Amino acid sequence: MASATSIGKHMRREAPAGTPAPAGTLAPAGGSVQAPAAGQSAAPRVLDVQHIEKVYGSRNNITRALADVSFSVRKGEFVGIMGSSGSGKSTLLNCISTIDSVTSGTVLVNGVNVTAFRPSRLTRFRREQLGFIFQDSNLLDTLTARENIALPLTISRVPARETLARVEDTAQRLGITEVLDKYPYQMSGGQQQRVAAARAMVTNPALIMADEPTGALDSKNARLLLECLEAMNASYQATVLMVTHDAFAASYTHRVLFLRDGRVFTELNRGAAPRQEFFNRIMEVVAVMGGEGSDAL
Ligand SMILES: Nc1ncnc2c1ncn2[C@@H]1O[C@H](COP(=O)(O)OP(=O)(O)O)[C@@H](O)[C@H]1O
Ligand SMILES: [Mg+2]
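The text that follows walks through the structure, step by step, so that each part is easy to find. Quantities reported herein were computed from a predicted structural model and do not represent experimental measurements. (Residues numbered from 1 in each chain as written. Chains lettered and ligands numbered in written order. Predicted model: local features only at pLDDT ≥ 70, side-chain atom pairs only at ≥ 80, totals over all residues.)

Quick look at the pairing of strand 6 (residues 130-133)
Burial along strand 6 is two-sided: Leu-130 and Phe-132 and Gly-131 and Ile-133, pointing in opposite directions, are all buried. Direction of pairing for strand 6 relative to strand 7 (residues 207-211): parallel, over a ladder of four bridges. Paired with Phe-132 across the two strands is Met-209, which belongs to strand 7. (Buried ≥ 20, exposed ≤ 12 C-beta atoms within 10 Å, placed from the backbone. Helix = DSSP H or I, 4+ residues; strand = E, 2+ residues; numbered from the N terminus. Pairing = 2+ DSSP bridges.)

Encoded structure:
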């Protein structure tokens, strides 16, 4: 194509021999703001949720937990899901992670329809492609932090030396190296949650699912965990889907989907806004949604 040729010529003229390639071509330059890059829209889609519906119960006693929910998430996005209690947040996460089955619609992870998987394939899919962080850390009491973080790699038969290196690297990024040899009962709740985050991320999964990960933490530890998620998102291009009813937690994300009665009510994009400004915009939507939903928001 003519344009490509002219760009090539232009670049050759601009770069004298011996000039190193410009730094920072992989990541946009920027301050501390974790806004989606302008080129983010070109990133591959990790998740495609297409018209999913989830109905619980039988004829006389039906709950439509999800009604025609559709959205996509691109690689490297940090997406929040907000909504009042009972709006369908956990159901949505469970349907995406195949812990629960959809009534209709499809969920594609890296282009593969996971709603069509047989049970035997599901276990492998979850183990290899997903990372989970819950409200309670769910660490194994009889294992140290290091062993807990290593567990998903051990199960996947990753060689011991590589496992140790990856655990060490993840722990360093999350600032938890000093607790690696402690047992869960020797750690604070905040430390346990950061260990759980490390365990979710150590396999470098396609998608990290977090359901109210800050729900049981005080504000200082909540902030530390959110900073960990933010750092992992930025440094590993980890794709994170985080359910929360807390506007402060949601303000760390790039984009927030608001659920109401099992539907996507609206969506907020952070753009280049600083976190505080995004927080204010989230609070405005929370106020608009208000009403009976305000209890948990
Ligand atoms: N296993 C289930 N059986 C029947 N109804 C359920 C089940 N799980 C969730 N629900 C209902 O689906 C709706 C959405 O629930 P949920 O996804 O847990 O909401 P959230 O996580 O936003 O609080 C609620 O009305 C809830 O009562
Ligand atoms: Mg829930």
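Having seen it, we continue.
Quick word on helix 9 (residues 275-289)
For helix 9, which comprises 15 residues, the first-to-last C-alpha distance of 21 Å matches the rise-based estimate of 21 Å (1.5 Å per residue) to within 8%. Residues of helix 9 that are buried include every one of Phe-278, Ile-282, Val-286 and Met-289, and no others. Projected onto a plane normal to the axis of helix 9, the buried residues spread over an arc of 85° and lie on a single side. Among the exposed residues of helix 9, those oriented more than 90 degrees off its buried face are Gln-276, Asn-280, Glu-284, Ala-287 and Val-288. Against the buried residues of helix 9 lie helix 8 (247-250), strand 9 (255-260) and strand 10 (263-269). Within two residues after helix 9, Gly-290 carries a phi angle of roughly 25°, on the positive side. (Expected span 1.5 Å × (residues − 1). Arc of directions from axis to C-beta. Contact = placed C-beta atoms within 7 Å.)

Quick look at the site of ligand 1
Surveying the vicinity of ligand 1 reveals the residues Tyr-56, Gly-57, Thr-63, Ala-65, Gly-83, Ser-85, Gly-86, Ser-87, Gly-88, Lys-89, Ser-90 and Thr-91. Those elements that provide at least two residues to the shell around ligand 1 are strand 2 (63-74) and helix 2 (89-96). Of the residues forming the shell around ligand 1, the biggest block, three residues, is contributed by helix 2. Taken together, the residues of the shell around ligand 1 break down into two nonpolar, nine polar and one charged. (Near = placed C-beta within 6 Å. Nonpolar A, V, L, I, M, F, W, Y, C, P; charged D, E, K, R; others polar.)

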